[in-house]
Structures are given as C-alpha cells and as structure tokens.
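Coordinate analysis (summary)
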Amino acid sequence: MLNRVAARLERFEFSQIRMGVDTPIIVYAPSESQAIEACRAAYSRISQLEQQMSDYRLDSELNAVCKEAVGRWRRVSRELFYVLWRAHRLAQQTDGAFDPTVGVLVRLWREARRTERLPDPQTLQEARARAGYRLMELCPRRRAVRLRAEGMQLDLGGIAKGYACDHALRVLRRYGLTRALIQMGGDIVAGDPPPDAPAWRIALAEGGETTLVRGALSTSGSTEQFVEIGGVRYAHIIDPRTGLGLTKLILARVRARDGITADSLATAAAVLGAAGIPRLQRLYKGVQIEVREG
Ligand code: ADP
Ligand code: MG
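These notes cover the structure that comes with them. (Residues numbered from 1 in each chain as written. Chains lettered and ligands numbered in written order. Predicted model: local features only at pLDDT ≥ 70, side-chain atom pairs only at ≥ 80, totals over all residues. Heavy atoms only, no water.)

**Notes on the sheet that holds strand β5 (residues 144-147)**
As a reminder of what qualifies: Between any two strands, pairing holds if DSSP finds at least two bridges. Strands are runs of DSSP state E lasting at least two residues, helices are runs of H or I lasting at least four, and both sets are numbered from the N terminus onward. It only takes one pair of heavy atoms within 4.5 Å for two residues to be counted as in contact. Axis lines are fitted to C-alpha atoms, over the contacting stretch for helices. Their N-to-C directions set the angle, which ranges from 0 to 180 degrees.
A sheet is described by the order of its strands in space; here three strands give the open sequence β3-β5-β4, paired in antiparallel fashion. Since the sheet does not close on itself, it has two edges, and those belong to β3 (74-75) and β4 (136-139), each with one partner. Strands in contact with helix α3 (residues 78-93) are β4 and β5; relative to β4, the strand with the most contacts, it is inclined by about 125°.

Right, here's the structure in full:
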C-alpha cells in the first residue's frame, strides 16, 4: 500500500467583481493550478446566480419574473425560488422590515442619490403602492411566483450575496479545497481554517478584528452607502415604513451557519434596530446578532 503523504498547502488569493462588489476568494490548495481551476468554477457559479438574481441586469431571470408574473404564475429556477422563499419568509417574520419587493423604492433612492433630491410625495406614494411582500405570492408545488401589482420590482440585494458565497464555498469543496474564505462586500463565508491557524482572522471596518470558521459573518448598515439631502442621510437600505432610506446611524452584524441567513438577517436587523434582536434570535436559533446605533 502506498504511504499517503499529506500534501503541503499553499495560500492563494484571487479577486474579481461580482454582483457589483469586490469578491475576493482566499483558498489553500496543493498547487496553483488546482487553486485556479477551483476558483474559476466558484466565480462562474456566482456569475450564474447573478444572472438569475440581479436586478441590475436587464436580462436576469429576476427581471423576467417582474415582467411575466403579474397576475399569473410564472415558474422559476430552483435557486431563485429558494432565495425568494427565504426572503418572503423573513418578510413575514419581520412584518416587512425585510422586504424583497422594495425594488421600486430602491430605484427611487438611486435616483435621489444621482439628483440629490428626494422623490416628490406623489411619486413616492405611487412607488409604495407597488411594494410590499404581500403583493408577492409563492407556490412551492409549482415552484412559481405571482405578483399582484403592475410595475413591481423585486430586489434580492439584501440576501443574494450571502447565498452566492455559500454556493461558491460548495464549489470549492467539490474540488477538494475546504480551507477557503469568500467575501462579497459585507458578506463573508468561511470553510475550514488555514492549515496553521484555528480560524480565519477578519478585519472589521470599524477597526479591530474577529475570527470566523465554518460559518458566515455579514455586516449591514447605514454608514457605507447613503445620500445626504437637507442635512439628513438616507442610507441604501429602505425603511419600508417610510419608503425612504434609513436615516438612523446603524451597524448590524450577524454570525450564522450560512451566508444566506447572515446576509438577510443583517439587513433585517439594520431596519429593526436593537429592539428587533430578541425576535430574530428566537426565530433563528444559533445566530448571533449585534447592533450598534447612533
Ligand atoms: P449591501 O448592499 O452592503 O450588501 P445589505 O445586505 O444590507 O447591504 O443589502 C442592501 C440592499 O438590499 C439594498 O441595496 C437593496 O438592494 C436591498 N434592500 C434595501 N432595503 C431593503 C429592505 N428593507 N429589505 C430587503 N432588502 C432591502
Ligand atoms: Mg444583507
């Protein structure tokens, strides 16, 4: 019988842009060619998911659904259905604080950022009539979606990056590379730790660092992306109660077993604030939520 010698692992780091953000992957592999092959497959998996879930891409599956599911059932891919289903469930659980149907309001926010003017009340009111998770119906049996209002825009910006990291990690594992870390903006998913360490070390935006191993860490809040109008800062996360961006200063951080949970709960916690933590923690056992306000 052959004696198997444990292969020496080397560290490789790649970075590409996916879903509009820097997406570094760090991986330990026995050779550069193995690292490249596996990471290429991981990035290509993220691209596929982007094609399914992006609201920026005109030809995404998500945008096709917005056009074709008004008033009638439209069958969707397994991945898109799962993410819509998780998003819808979280919307129900948070009374719409997290809401994957805020797309038209997000578009108004982007316009406000460009023009540095808030939408006029009439425009805002019309947009609000086209948002609300109750306007989105899901049928698991048919794996289909139906929208109840014309001109709705679905938006998975608060959940899809975490999900994409989960899948990228899975792809790397399939290539035999379990010691890996993937980051998409504020969402990080880690597998096994580096060979010489008990965990991955993660630098925090506000200074200091933390560790992560076989799990996910997501940060969300109002401090990174915002537009200032009339002395008020409106963040890129919509407060569904006003239809406008969050105006409070808040940073939410969630640790969970997987990226889809961490990402979506971090966005939800940013909207709900510290007062929403106990409820989220009751619903999602084992997650850790930290919120800093003010
Ligand atoms: P990041 O943009 O840094 O990934 P988040 O994960 O918090 O941060 O996602 C914010 C994105 O989620 C917004 O850009 C928008 O696409 C979407 N979004 C905005 N408001 C909400 C909301 N109340 N519920 C769900 N998704 C939202
Ligand atoms: Mg999020």
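**Structural notes on the coordination of the magnesium ion (ligand 2)**
Rules: Coordinating N, O and S atoms are those within 2.8 Å of the metal (3.2 Å for Na, K and Ca), and as water is not part of the atoms, a site may appear to have fewer donors than expected. Summary of the burial criterion: residues with accessible area below 20% of their type's maximum are buried, those above 50% are exposed, and those between are partly exposed, where the area comes from a 1.4 Å probe applied to protein chains only.
Coordination of the magnesium ion (ligand 2) by the protein comes from Gly-158 (O), Asp-263 (O), Asp-263 (OD) and Thr-267 (OG1), over a distance range of 1.9 to 2.6 Å. For the magnesium ion (ligand 2), all donor residues lie on one chain, and their spacing in sequence is G-x104-D-x3-T. Linking Gly-158 in the loop between β5 and α6 (160-174) with Thr-267 in helix α7 (residues 259-272), this pair joins segments that are 109 residues apart in sequence. In this pair, the class of Gly-158 matches that of Thr-267, namely buried.

**What to know about the sheet that holds strand β7 (residues 187-190)**
One open sheet holds the seven strands; their spatial order is β1-β2-β6-β7-β10-β15-β16, and the pairing between them is antiparallel. Across the chains shown, the open sheet's two edge strands, defined by having one partner strand only, are β1 (10-18) and β16 (288-293). In this sheet, neighbouring strand axes are inclined to one another by 10° on average, regardless of whether the strands run parallel or antiparallel. Alignment of strand β6 (residues 180-184) against β7, held across four bridges, turns out to be antiparallel. Paired with Ile-182 across the bridge in β7 is Val-189. Each of β1, β2 (21-29) and β6 is contacted by helix α1 (residues 32-53), which is oriented at about 25° to β1, the strand it contacts most.

**Comments concerning the packing of α3 against α7**
Heads up, the rule is: A clockwise turn of the near helix away from the far one marks a right-handed crossing, whereas an anticlockwise turn of less than a right angle marks a left-handed crossing. The classification used treats Ala, Val, Leu, Ile, Met, Phe, Trp, Tyr, Cys and Pro as nonpolar, Asp, Glu, Lys and Arg as charged, and all other residues, Gly among them, as polar.
Packing of α3 against α7 leaves a shortest axis separation of 11 Å and a crossing angle of 35°. Taken as a pair, α3 and α7 cross one another with a handedness that is right-handed. Of α7, the residues touching α3 (which contributes Tyr-82, Val-83, Arg-86 and Leu-90) are Ile-260, Thr-261, Ser-264, Leu-265 and Ala-268. Residues belonging to the contact of α3 with α7 are distributed by class as follows: six nonpolar, two polar and one charged.

**Some details on the side chain of Asp-55**
Within the fold, Asp-55 resides in the loop between α1 and α2 (61-68). Once residues within four sequence positions are removed from consideration, Asp-55 is found in contact with Leu-62, Asn-63, Arg-107, Arg-110, Gln-153, Leu-154 and Asp-155.

**Things to note about the nonpolar core**
To keep things clear, this is the line we draw: The term nonpolar core refers to a set of buried residues drawn from Ala, Val, Leu, Ile, Met, Phe, Trp, Tyr and Cys, joined through side-chain atoms within 4.5 Å.
Counting 71 residues, the largest nonpolar core has Leu-84 and Leu-156 as its most contacted members. Here this core takes nine residues from α1, the largest share from any one element. Apart from residues no more than four positions distant in its own chain, Leu-156 is found in contact with Met-53, Leu-62, Leu-80, Val-83, Leu-84, Ala-87 and Pro-100. Core analysis: the second largest hydrophobic core is formed by 15 residues, Val-102, Val-104, Trp-109 and Leu-124 among them.

**Structural notes on the site of ligand 1**
This is how the line gets drawn: We call a residue near a molecule or strand when any one of its heavy atoms sits within 4 Å of it. Here a polar contact is taken to be a pair of N or O atoms separated by no more than 3.5 Å, where protein atoms must pair a possible hydrogen donor with a possible acceptor and residues adjacent in sequence count only if both atoms sit in side chains. Methods summary: accessible areas were calculated by the Shrake-Rupley approach with a probe of 1.4 Å, and residue burial reflects only the protein chains presented.
Of all residues adjacent to ligand 1, which total 17 residues, the nearest are Asp-155, Lys-161, Ser-220, Ile-238 and Thr-267. Within the side chain of Asp-155, an N or O atom sits 2.7 Å from an oxygen atom of ligand 1. With respect to ligand 1, the side chain of Ser-220 contributes an N or O atom lying 2.4 Å from an oxygen atom. Burial of ligand 1 by the protein amounts to 90% of the accessible area it has alone, namely 550 Å². The element that contributes the greatest number of residues to the shell around ligand 1 is α7, accounting for three residues.

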